[in-house]
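Summary of structural features
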Amino acid sequence: MTPFPVDPDARVQATVFALVSSKRKNRKRFAEGCVSEMQDEQSALAGHDPDRGIHAAVVYGPSFSSESQRAYHLVRWLC
């Protein structure tokens with residue numbers, strides 16, 4: 001069982017490397033506008049800039065939230 005909801009109607013959901021724009025790292029879900037998918041782990045780590053609130057992560061999504069917004073779920077922070 002996954003620790004986050006899996007959208008059975010979604011055609012493209014995957015675990016991907018990403019840069020997440022967030023001032024706080026204690027959140028588990030992020031709006032699509034806060035997430036930039038990256039090609040690989042090295043690209044995500046290269047874009048990591050905690051002073052600007054940009055963090056390298058592995059995320060799952062996108063899926064639709066209960067508010068009908070596309071969201072990504074945090075799998076783990078890379079740093």
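Here, the structure is the one placed above.
Residues numbered from 1 in each chain as written. Predicted model: local features only at pLDDT ≥ 70, side-chain atom pairs only at ≥ 80, totals over all residues. Heavy atoms only, no water.

This next bit is on the nonpolar core. Of all hydrophobic cores here, the largest spans 10 residues; its members are Val16, Ala18, Val20, Phe30, Val35, Ala57, Val59, Tyr72, Leu74 and Trp77. For this core, the secondary-structure elements that each account for two or more residues are strand S1 (14-21), strand S4 (54-64) and strand S5 (70-77). Discounting residues that sit within four places of it in the chain, valine 59 has contacts with Ala14, Thr15, Val16, Ala18, Val20, Val35, Tyr72, His73, Leu74 and Val75. Counting residues in each nonpolar core, the second largest holds 6 residues, with Ile54, Ala56, Val58 and Leu78 among its members. (Core = buried A, V, L, I, M, F, W, Y, C linked by side-chain atoms within 4.5 Å. Buried < 20%, exposed > 50% of the residue type's maximum accessible area, 1.4 Å probe, protein only. Helix = DSSP H or I, 4+ residues; strand = E, 2+ residues; numbered from the N terminus. Contact = heavy atoms within 4.5 Å.)

Right, let's get into the pairing of S1. As paired strands, S1 and S4 are joined by 8 bridges and run antiparallel to one another. Bridging across to S4, leucine 19 finds its partner in alanine 56. One ladder, built from 3 bridges, connects S1 with strand S3 (residues 35-37); its direction is antiparallel. By the bridge assignment for S3, leucine 19 is matched with serine 36. (Pairing = 2+ DSSP bridges.)

What follows concerns unusual backbone geometry. Excluding glycine, a negative phi dihedral is what most residues carry, and trans is how most peptide bonds are arranged. The omega angle of the peptide bond from glycine 61 to proline 62 is 0 degrees, so this bond is cis rather than trans. Position of proline 62 relative to the elements: it lies in strand S4. Phi at serine 68 is positive, roughly 65 degrees, even though this residue is not glycine. Considering the arrangement of structural elements, one finds serine 68 in the loop between S4 and S5.

Within a sheet, each strand pairs with its neighbour through backbone hydrogen bonds, oriented either parallel or antiparallel. On the basis of which strands lie adjacent, the open sheet formed by 5 strands has the order S2-S5-S4-S1-S3 and antiparallel pairing. Edge strands, defined here as strands with exactly one partner in the open sheet, are strand S2 (29-31) and S3. Along the sheet, successive strands turn relative to each other by an average axial angle of 45 degrees, direction set aside. (Axes fitted to C-alpha atoms, helices over the stretch in contact; angles between N-to-C directions.)

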